[in-house]
Amino acid sequence: YLTSDRFFSLADEEKIVTDIQSKHLLIVQALNKLRLEPRETCIIGDSDTDIHVGRLARLGKIIAISRGIRSKEQLEVLKPDYLIDNLNELVAIIQKLPV
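Residues numbered from 1 in each chain as written. Predicted model: local features only at pLDDT ≥ 70, side-chain atom pairs only at ≥ 80, totals over all residues. Heavy atoms only, no water.

Asker: Give me the layout of surface pockets: which residues, what numbers.
Answerer: In this structure, the largest pocket occupies an estimated 430 Å³ of space. Of all the elements in the fold, those that place two or more residues in the lining of the largest pocket are α2 (19–33), β1 (42–45) and α3 (48–56). At 5 residues, α2 tops the list of elements feeding residues into the lining of the largest pocket. Grouping the constituent residues of the lining of the largest pocket by class yields 12 nonpolar, 2 polar and 3 charged. (1 Å grid on protein atoms, 1.4 Å probe; cavity = no way out; pocket = protein on both sides within 12 Å on 5 of 7 lines; lining within 4 Å. Points joined across faces, edges and corners; volume = space filled by probe spheres on them. Helix = DSSP H or I, 4+ residues; strand = E, 2+ residues; numbered from the N terminus. Nonpolar A, V, L, I, M, F, W, Y, C, P; charged D, E, K, R; others polar.)

Structure representation (structure tokens):
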């Protein structure tokens, strides 16, 4: 559903070796290419890596979803800005964020 200029992904071999650093570079690449301000950008992820990358990239909001590879309890410890159980909750959060 994404055009090639809007799709950013790691090579499979990078996911195992340097996940945080590689994901951080992808986020920075996407921010630059799409001309987005980090503080006005959110990351939505299901892992501790996603939360760490969001902080490293100084993104405005970090949203963790507990329907992925980490449990709600594991994600709570990392103190994301929001911790949701499903994507329906995401819609409510997005609607409340300043434009």
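Asker: Give a description of α2 that names residues and reports values.
Answerer: An ideal rise of 1.5 Å per residue puts 21 Å on 15 residues; α2 measures up with 21 Å between its terminal C-alpha atoms. Three or more residues of α2 are buried, namely S22, H24, L26, A30 and L31. Directly after α2, the chain includes R35, whose backbone phi takes a positive value near 55°. (Expected span 1.5 Å × (residues − 1). Buried < 20%, exposed > 50% of the residue type's maximum accessible area, 1.4 Å probe, protein only.)

Asker: Outline the confidence of the model for the protein chain, listing residues and values.
Answerer: For the protein chain, the average pLDDT comes to 87, and 91% of its residues sit at 70 or higher. Within the protein chain, the element-level pLDDT minimum falls on helix α1 (residues 12–17), averaging 62, and the maximum on strand β3 (residues 82–84), averaging 95. (pLDDT = per-residue confidence, 0-100.)

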